[in-house]
Structure formats: structure tokens, C-alpha cells
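Topology and contacts: notes
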Amino acid sequence: MTVGIKELEDMMSSYGGSHEQAARDENLWSAVRQQFAVDPNIMYLNNAGQNPIPAMVADAFKKEFEWNTVNPLRAWDNIRENMNAARVELSKIFGCDHDEIAITKNCSESMQICQLGLDLKPGDEMLCTELEYFRMLTTFRHRELRDGAILKKVALPVVCEDPAMITALIEKGITSKTKVIMISHMVTFSGQIMPVREIVQMARERGIPVLVDGAQSFAHLVFSNKDMDCDFFGTSLHKWLGAPSGSGMLYIRKERIKEIWPLMAAVEGDRENIRKFEQTGTILSAQSAGILAAIKFFHIIGPKRKEIRLRYLRDRWATRLSRNSSVKLLTSLKPEFSCGLGLFNIEGIDLKALSHYLNKCRKVIVSVQAGANVAGVRVSPNIYTSIEEIDRFCDIVESVIKKGLPASGA
């Protein structure tokens, strides 16, 4: 039976079971899958990289884009209207004032606004962990070259179920020259959830700002800023929220906006206005129309229902594969430390060869992740992923464990 978005909304709103029961109700998630135009010839398990968008998001984007093509004047009128509406709705999810939210192109831009916008002098130290996203590390290296600031990285365990240990290791890296700390809310390699609130509070006592990379956590985990109490947070909206590509969000606590220089010039009168970070020239109003539709879809599914379903899918493959002695799981399965994405490797199997076999030969799209002290295959299903796909993925990997990779790679 074909299920449209209105029928899905009715199904979700009238569902009488618990979130845990909903996570296991394949009829419910089959109806969700119908809202996505996912290529049936591939099994897409790299949603931590890029998400397919729901049909209602694509429709909203297309409709606005076509209107703008026909009537450019209308486009000018709609740009700020759509952006401001998206700003308000995002602030409700994040738990802040709408004047603390800027619409950006992605998490990288959001983080770079803060990383490049802070005043730093030669010898000032920038502290982060070795598990940060490569683009954010590159940005701090840029400041080393440009300004003579110094990047220091703290080594952390890949899997850690002791938040106090993480906080203590970061605290140990602080010196009198530390001027900024950067951490991920959810580590992009492994899905490790970091103790953001504890780190922020520890750093605040020393007058050190903390930049939080929320690329993998926003619209994935259920949280708001009151749970973190952070001053700076960046995320992509085209990942777990399911907005169009090139959509991002930046949060800066109101009283700290004036401290950050925008990437592109803004008028002096906007020094304390969050909109100074949006002064990038002409943009598409269709982008924000797509963000608004993605937010609506997010609420139709339900944030907690979504989080529990994502964790259920991750647990299904991770628990099964970890029963094999040659599999090393590099993600905690405790719900307070991880959610929908996980990392694993197989003893004696080359990761690049495994990835090539899965991606090219079996049409199972995963991502090989490699950092300072971590390497593995990252698996990240989404709410449109079926149990049958998860089980088939496990069948394929277990065949590799038993027989090895085919000599031809085919």
C-alpha cells in the first residue's frame, strides 16, 4: 500500500506503543521509507556523510526554486522571509533565542566562522582532540601559518565509557597560553558522544571558549543547548535533519557574537547581530524552504522515536558482527555513549579493499575512516533503512570473515 506524507503523519501521531516498540515496528518504518526516493540498487549506509532527503523536502525546494526562476522579484522578497522562519524553527529545536542562530552552508563553514573569527596572537594555543574532523584541523593549521598560533592535540581512547577521563585528558592539555578549545559532540569517526557540558564548564572556569562541532549530533540525538550550556555550536543540516545539500546552522550565545569576526565583511552596525555571519551575497531562498520542510518532517517522525530507531539499527548489525572473534568494534554500545553510527574493523582484512568490495562490488555504501589512532569501516543507517538491508549487510561481511575477500575483488 502506498503511504503519502499525510498518512504517515497520521500513523506517527496516533501510534499507541512506546518509542522502543515503534523502533521495532517494520510496518511503521516501511511507510517512512516510502517518503524517500532511495535507489533500490544500492544499500546506502553512509548517512553520516550525506543523507538522501525526504520527498517533501525535495518538493519544497523544487517549488520555491521554480517560483524564483519565474519571478526573481519574488525570490528577493522570500530570501529573508524563509531564512528567518528557518532560524526561528531551528532555535526551537536547539533551545535558544532565534537571534542566536545563523543559517550557513554546512558545519564546516559554521565552525570556520568561529575558528577564523577569534582574535589570536602568535604563541596562542588552540587545543582540540586527535579525533576531530579533518577540515577543522586544517582550519587550525591555517591559523598556525597565518597568525603564528599553535595547534595542540590531545590523544583520546577511541572507545571511552568514562566521561571524567575525557574531561581530565583535555584539561591536562590546557596551559596558560590556551585561548580556545574545540571538541566534537559526536565523533565523526566512531560515533562517540563526548561530555560537552563538563568540558565547557571546566574551560569556562578558566575563561577559555569551547567550539562544539555538532555535525553528527543535531537531529540525531535528542538534546538542547541547556544540556551542553555551550557558547558556540556548528552543525550541518543536510546530514541527520535531511535538509538540502549546502545547509548548515551556527549558534553563538548572544553576548559573544561581537567577539567573532565574520568570514565575509559586514557593516559595522551589525557587530552584535548574528546576521553578520550571513553576509555572503546572493543566496537561494529555496535552500531555507527546504530546511523548513526538513524540520516539519523531523517533527512528524518524532525526535526521540528517531533516535531510538537509529540506535536499534546500529545495535542490530554491531551486536551481530561483534560475535565474530575477528571483528573489533570501535564504538561503545551503551546508549549514553553512542547512537546511530558505528565503526568496526576485521583482523587480517585490508580496510580499503573491504570498502572497495562493499561499495563497488556489492553496492553497499559505507565509509572507511582513518584518524590519528583510529581506523575502521563506518556504518551509519538512517530511518529509511530496512531490517532486511541490515541483515543482508551482515551476511556479506560474515561471508568475508569466513572466506576472505574474493581474489578479483568482484
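Our structure is the block above this text.
This report concerns the structure included in the present document. Here the structure is a predicted model, which means the values were calculated and not measured.

Space inside the largest pocket adds up to approximately 290 Å³. The dominant element in the lining of the largest pocket, judged by the number of residues it contributes, is helix H9 (residues 196-204), at three residues.

Let us now look at empty space enclosed by the protein. For the structure on display, the rule yields one cavity of 30 Å³ or more. Taken as a whole, the largest cavity holds about 70 Å³ of empty space. What lines the largest cavity is simply Phe-36, Asn-51, Pro-52, Pro-54, Trp-240, Leu-241, Gly-242, Phe-297, Phe-298, Lys-306, Asn-382 and Ile-383. Considered class by class, the residues forming the lining of the largest cavity number eight nonpolar, three polar and one charged.

What follows is about the sheet that holds strand E4 (residues 150-154). Here seven strands make up an open sheet; going across it, the order is E2-E8-E7-E6-E5-E3-E4 and the pairing mixed. Each having just a single partner strand, strand E2 (101-104) and E4 make up the two edges of the open sheet. Pairs of neighbouring strands in the sheet enclose a mean axial angle of 20°, with direction left out of account. Packed on one face of the sheet, helix H6 (residues 107-117) meets E2, strand E5 (178-184), strand E6 (210-213), strand E7 (232-236) and strand E8 (248-252) and runs near 155° to E7. Helix-sheet contacts for helix H7 (residues 134-147) involve strand E3 (125-129), E4, E5 and E6, and the interaxial angle to E4 is about 145°.

Moving on, we get to the side chain of Arg-256. With respect to the element layout, Arg-256 can be found in the loop between E8 and helix H10 (285-301). A distance of 2.9 Å separates the side chain of Arg-256 from the side chain of Glu-259, its partner in a polar contact. Apart from residues lying up to four places away in sequence, Arg-256 is in contact with Pro-209, Asp-231 and Phe-232.

Parameters and conventions
- Residues numbered from 1 in each chain as written.
- Predicted model: local features only at pLDDT ≥ 70, side-chain atom pairs only at ≥ 80, totals over all residues.
- Heavy atoms only, no water.
- 1 Å grid on protein atoms, 1.4 Å probe; cavity = no way out; pocket = protein on both sides within 12 Å on 5 of 7 lines; lining within 4 Å.
- Points joined across faces, edges and corners; volume = space filled by probe spheres on them.
- Helix = DSSP H or I, 4+ residues; strand = E, 2+ residues; numbered from the N terminus.
- Nonpolar A, V, L, I, M, F, W, Y, C, P; charged D, E, K, R; others polar.
- Pairing = 2+ DSSP bridges.
- Axes fitted to C-alpha atoms, helices over the stretch in contact; angles between N-to-C directions.
- Contact = heavy atoms within 4.5 Å.
- Polar contact = N/O pair within 3.5 Å; in protein donor to acceptor, adjacent residues only side chain to side chain.

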